[in-house]
Amino acid sequence: MIRLDGNHLDIQSLVSVARYGEEVEIAPEGKENLRRSRDVLETILKSNQAVYGINTGFGIFSEKRIPIEDSNRLSRNLILSHAVAVGDPLPGEVVRAAMLVRANTLVKGYSGVREEVAQTLVQMLNKKVTPLVPQQGSLGSSGDLSPLSHLALVFTTDDADREEESGWAEYGGEILTGKQAMKLAGIPRLVLGPKEGLAINNGATFSAAMAALIVHDAYQAIHIANKATALSLEALLGCSSAFDERIHQVRDQDGQLRVASEIRAEIKGSTFIDAACRVQDAYSLRCTPQVHGTILETIEFTERIIQKELNAATDNPLLFEPDVALSGGNFHGEPIGLVMDFLGIALAELAAISERRTFRLLDAKLNGGLPPMLVDSPDAAGLNSGLMMPHYTAASLVLENQTLAHPDSVHSLPTSGGQEDHNANAMTAARHCWRILRNTQRVLAIELYTAARAVDLRMRQMPKHHLGQGTQHLWSLLRDHVPYRQGDAWWAPEIAIIEQLIESGQLVW
């Protein structure tokens with residue numbers, strides 16, 4: 001059970017809820033935070049002071065006073081008018097992660113919502129009601145307004161309670177209207193009160209949720225890339241000297257040191273390594289600690305930023321005791337946008353250097369005596385293409401990543417009549433980073449598939465040699481799931497199996 005108090009949500013817990021359905025509850029401290037924040041709002045409402053989004057309009061209309069008796073309608077209008085995102089639905093795990101982050105934000109106790117609002121999100125998570133939220137339409141400031149509004153359509157309503165205004169959700173394996181899904185799940189929909197519409201849709205919540213999932217998977221990707229490098233080294237009879245601890249100590253880059261150590265552990269005991277008696281290897285092998293190590297530290301930097309975002313108060317205004325409403329810009333997604341751009345570039349590099357290793361494994365002029373394209377019979381060369389085309393796919397994905405890795409956070413367009421004149425573009429950065437990560441996982445799957453085949457052929461050439469401790473375990477695991485195939489075959493389904501092993505985390509131990 002994941003307990004929300006607004007301050008201690010971590011990435012692993014988010015993954016447990018978003019992907020594996022672990023249940024959620026609000027901690028007693030969280031309930032107290034909600035009560036205290038609601039008391040502040042009630043005090044402000046009685047004072048009749050002008051407070052943005054509580055008794056004023058939004059954006060360019062922030063100077064327009066709204067009678068307090070219209071505050072419920074103000075919240076409802078905000079949700080209806082802002083639910084204008086477009087495109088294919090976001091993955092369900094991203095939506096669930098966003099629901100968790102938004103509930104935690106409210107529980108932190110600076111938004112002024114009733115406990116029922118946060119509890120409704122928790123119930124939806126526990127009963128597996130997942131709104132359908134289109135991918136496109138967020139500028140990342142004022143947060144992810146459109147995606148969050150689509151989320152809110154499902155669990156909020158008004159006196160008219162029109163089904164056609166309830167959005168869409170997945171429940172019990174079916175796509176239903178939000179009203180139907182909530183009814184079947186036995187969760188009452190809420191009529192929002194003062195400030196509650198803005199508290200739900202103001203903040204870079206979808207960007208942060210997607211970023212958290214990316215960080216989790218990026219850690220797996222870097223460790224898998226280290227293992228793939230080690231297996232490629234074995235197949236290519238690589239040089240161990242590039243991984244000698246002394247080299248990395250005198251540069252003293254922490255990530256580089258750790259990657260070199262990890263690869264040394266994988267190849268420990270191998271008799272294929274150094275068997276060619278080369279002085280040095282190409283950069284894609286020799287410089288792996290320098291490249292992968294920097295990527296590892298980029299993931300860690302990103303994690304520090306995103307971890308804070310999971311426990312941040314990000315709507316506007318924020319309420320402080322005894323009766324203070326402060327209007328600011330915590331909804332601005334710049335922290336997320338910048339690190340998603342940074343991580344996207346790093347992951348694109350991880351795929352790029354992997355593709356170069358795959359290339360070397362297939363080129364008979366570079367692979368140390370293995371057959372061209374790893375065609376396993378000299379008489380079949382030409383008749384068989386070997387692994388020529390999997391490499392084409394890897395190259396295509398790397399080229400796509402190079403375009404996707406162009407930074408999004410440097411781009412902005414003013415909106416809302418100039419009131420919102422510098423936008424973060426954080427959601428676009430997160431979506432592009434998500435695609436880069438998936439492409440990178442596929443490129444790594446192709447390297448693993450290629451390296452495993454190259455190891456099989458090398459074992460035929462050098463039957464008295466053996467793999468290292470880690471590489472032997474990796475090769476055996478791959479062969480348990482994908483046996484060696486003679487000649488040409490339909491490679492795609494087998495590469496997809498390795499991709500599934502990567503996504504499931506089974507290749508990280």
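Residues numbered from 1 in each chain as written. Predicted model: local features only at pLDDT ≥ 70, side-chain atom pairs only at ≥ 80, totals over all residues. Heavy atoms only, no water.

A. Layout of the overall build of the protein. Regarding its fold elements, the protein presents 18 helices and 11 strands. Each principal axis of the C-alpha distribution contributes one length, and for the protein these read about 85 × 50 × 45 Å. Scored against the burial criterion, the 509 residues of the protein give a buried share of 57%. Partitioning the contacts of the protein with sequence separation of at least 6, the portion at a separation of at least 24 is 80%. Accessible surface computed for the protein: about 20600 Å², of which carbon and sulfur atoms make up 54%. Positive and negative side-chain charges in the protein, numbering 46 and 61 respectively, have mean positions lying 3 Å apart. (Helix = DSSP H or I, 4+ residues; strand = E, 2+ residues; numbered from the N terminus. Buried < 20%, exposed > 50% of the residue type's maximum accessible area, 1.4 Å probe, protein only. Contact = heavy atoms within 4.5 Å. Areas by Shrake-Rupley, 256 points an atom, 1.4 Å probe, with all protein chains shown as cover. Lys, Arg positive; Asp, Glu negative; His and termini not counted. Charge placed at Lys NZ, Arg CZ, Asp CG, Glu CD.)

B. Molecular detail of a nonpolar patch on the surface. A surface patch of nonpolar side chains, amounting to about 220 Å² of accessible area, comprises Phe 320, Val 324 and Leu 326. Tracing the sequence through the fold places Val 324 in strand β11 (residues 324-326). Look at Val 324 and you get partly exposed, because its relative accessible area is 31%. (Patch = residues over 30% accessible without salt bridge, like charges linked within 9 Å, V, L, I, M, F, W, Y side chains within 5 Å. Salt bridge = Lys/Arg side-chain N within 4 Å of Asp/Glu carboxyl O.)

C. Local environment of unusual backbone geometry. For the peptide bond that leads from Ser 141 to Ser 142, omega is 5°, which places it in the cis range. Structurally, Ser 142 can be placed in the loop between β5 (134-136) and α6 (145-155). Here the phi dihedral of Lys 128 falls at roughly 65°; this positive angle occurs in a residue that is not glycine. Assignment of secondary structure puts Lys 128 in the loop between α5 (115-127) and β4 (130-131). Classification of Lys 128 as partly exposed rests on a relative accessible area of 37%.

D. Region of interest: the packing of aromatic side chains. Taken as a whole and assessed by the stated rule, the structure comprises 3 aromatic pairs. Between Tyr 449 and Trp 491 the ring centres are 6.1 Å apart and the planes differ by 65°, which places this aromatic pair in the edge-to-face class. Taken together, the residues span a long stretch of sequence, with Tyr 449 in helix α16 (residues 426-461) and Trp 491 in helix α18 (residues 491-504) at a distance of 42 residues. According to the relative accessible area criterion, Tyr 449 is buried, its value standing at 6%. Its relative accessible area of 8% is what places Trp 491 among the buried residues. Taking NZ or CZ as reference, Arg 356 lies 4.3 Å from the ring centre of Phe 359, over its face. In this structure, Arg 438 is placed above the aromatic ring of Trp 434, and the distance from its NZ or CZ to the ring centre is 4.3 Å. (Phe/Tyr/Trp six-rings, centres within 6.5 Å; stacked < 30°, edge-to-face > 60°. Lys NZ or Arg CZ within 6 Å of the ring centre and 35° of its normal.)

E. Seen up close, the pattern of salt bridges. The tally for this structure, following the rule as stated, stands at 31 salt bridges. Salt-bridge contacts for Glu 196 lead to Arg 38; the nearest nitrogen and oxygen are separated by 3.5 Å. One end of the pair, Glu 196, is in helix α8 (residues 196-201); the other, Arg 38, is in helix α2 (residues 28-47), and 158 residues separate them in sequence. Of the two residues examined, Glu 196 and Arg 38, each falls in the buried class. For Glu 165, the salt bridge goes to Arg 76, with nearest N and O atoms at 4.0 Å. Pair noted here: Glu 165 is in the loop between β6 (156-157) and β7 (168-171) and Arg 76 is in helix α3 (residues 71-82), with a separation of 89 residues, a long-range link. The class for Arg 76 is buried, based on a relative accessible area of 4%. Salt bridges linked by common partners bring Arg 73, Arg 76, Asp 158, Arg 162 and Glu 165 together as one network.

F. The sheet that holds β4, seen in detail. Pairing is antiparallel in the open sheet, where 3 strands are placed in the order β4-β7-β8. Two strands lie at the open edges of the sheet, namely β4 and β8 (174-177), each paired on one side alone. As judged from the 2 bridges shared by β4 and β7, these two strands associate in the antiparallel manner. Note that in β7 the partner of Thr 130 across the bridge is Glu 170. (Pairing = 2+ DSSP bridges.)

G. Local environment of the pairing of β7. Alignment of β7 against β8, held across 4 bridges, turns out to be antiparallel. Looking at the pairing, Glu 170 lines up with Ile 175 of β8. Between β7 and β8, which pair antiparallel one after the other, the connecting turn spans 2 residues, and Gly 172 there sits at a positive phi close to 60°.

H. How the structure looks around helix α4 (residues 92-107). The end-to-end C-alpha distance of α4 is 23 Å, a good match for the 22 Å that 16 residues give at a rise of 1.5 Å each. Immediately downstream of α4, the backbone of Gly 109 shows phi near 95°, a positive value. (Expected span 1.5 Å × (residues − 1).)

I. Summary view of the packing of helix α9 (residues 205-235) against helix α11 (residues 254-267). At a minimum axis distance of 9 Å, the contact between α9 and α11 shows a crossing angle of 50°. The angle between the axes of α9 and α11 places the two elements in the oblique class. Both α9 and α11 take part in a crossing whose hand is right-handed. Contact residues: His 223, Asn 226, Lys 227, Thr 229, Ala 230, Leu 233 and Glu 234 in α9; Val 259, Glu 262, Ile 263, Glu 266 and Ile 267 in α11. Residues belonging to the contact of α9 with α11 are distributed by class as follows: 5 nonpolar, 3 polar and 4 charged. (Axes fitted to C-alpha atoms, helices over the stretch in contact; angles between N-to-C directions. Parallel < 35°, antiparallel > 145°, perpendicular 65-115°, else oblique. Left-handed = near helix turned anticlockwise from the far one by under 90°. Nonpolar A, V, L, I, M, F, W, Y, C, P; charged D, E, K, R; others polar.)

J. Structural detail: the state of the cysteines. All chains considered together, the criterion is met by 0 disulfides. Between Cys 277, a cysteine without a disulfide, and Cys 239, which holds the nearest cysteine sulfur, the sulfur-to-sulfur distance is 8.9 Å. (Disulfide = S-S within 2.5 Å.)

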